[in-house]
Amino acid sequence: MDGPERSCIGCRRKRAQRELIRLRVEDGRVRLATPGASGRGAYLCPDPACLEAAGRRRAFGRAFRGPAAVDEEFVAAFAAVCDGRKAVR
Ligand SMILES: [Zn+2]
């Protein structure tokens, strides 16, 4: 394993950071983190099931220590990233 490891807030599995999707919060809403973004981050596997699991477990509020709403815009953006990553999984 090379590079740092992070835990997915959905399934709690530890994976290489580069395999995970980094998230951040903007005005109380969860967004995809742009490369190099600073501030508190959380990570999800590129898998809609992990997004669902994180939502069920209220993991976003805990990870970001505050309001972190998952809206349709984020769900769509996340799904698009998952599709884009399928080729390398
Ligand atoms: Zn996961």
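Summarised in this report is the structure supplied together with it. (Residues numbered from 1 in each chain as written. Predicted model: local features only at pLDDT ≥ 70, side-chain atom pairs only at ≥ 80, totals over all residues. Heavy atoms only, no water.)

**Description of the coordination of the zinc ion**
So, point 1. Those protein atoms acting as donors to the zinc ion are Cys8 (SG), Cys11 (SG), Cys45 (SG) and Cys50 (SG), and they sit at 2.3 Å.
So, point 2. Donor residues binding the zinc ion come from one chain and are separated in sequence as C-x2-C-x33-C-x4-C. Here cysteine 8 is found in the loop between β1 (5-7) and β2 (14-16), whereas its partner cysteine 45 is found in the loop between β5 (42-44) and α1 (48-56), with 37 residues between them in sequence.
So, point 3. With a relative accessible area of 0%, cysteine 8 lands in the buried category.
So, point 4. Relative accessible area serves as the criterion here: at 3%, cysteine 45 is assigned to the buried category. (Donors = N, O, S within 2.8 Å, 3.2 Å for Na, K, Ca; no water. Helix = DSSP H or I, 4+ residues; strand = E, 2+ residues; numbered from the N terminus. Buried < 20%, exposed > 50% of the residue type's maximum accessible area, 1.4 Å probe, protein only.)

**Concerning unusual backbone geometry**
So, point 1. Not every positive phi belongs to a glycine, and arginine 12 is a case in point at roughly 70°.
So, point 2. Mapped onto the secondary structure, arginine 12 falls in the loop between β1 and β2.

**Description of α1**
So, point 1. Of the positions making up α1, those classed as buried are Cys50, Leu51, Ala53 and Ala54. Projection of α1 onto a plane perpendicular to its axis shows the buried side chains occupying an angular sector of 165°, all on one side. Seen from the buried face of α1, the exposed residues on the opposite side, beyond 90 degrees, are Glu52 and Arg56.
So, point 2. Where α1 is buried, its residues contact β5, α2 (59-64) and α3 (72-85).
So, point 3. Sitting at the head of α1, aspartate 47 places a side-chain oxygen 2.9 Å from the backbone nitrogen of alanine 49.
So, point 4. Looking one or two places after α1, you find arginine 58, whose phi comes out positive at around 55°. (Arc of directions from axis to C-beta. Contact = heavy atoms within 4.5 Å. Polar contact = N/O pair within 3.5 Å; in protein donor to acceptor, adjacent residues only side chain to side chain.)

**Brief notes about the pairing of strand β3 (residues 21-26)**
So, point 1. Examined bridge by bridge, β3 and β5 share three bridges and lie antiparallel to one another. Paired with isoleucine 21 across the two strands is leucine 44, which belongs to β5.
So, point 2. With four bridges connecting them, β3 and strand β4 (residues 29-32) associate as antiparallel partners. When the sheet's bridge partners are listed, glutamate 26 is paired in β4 with arginine 29.
So, point 3. Counting the residues that bridge the hairpin from β3 to β4 gives two residues, and of these aspartate 27 lies at a positive phi of roughly 50°. (Pairing = 2+ DSSP bridges.)

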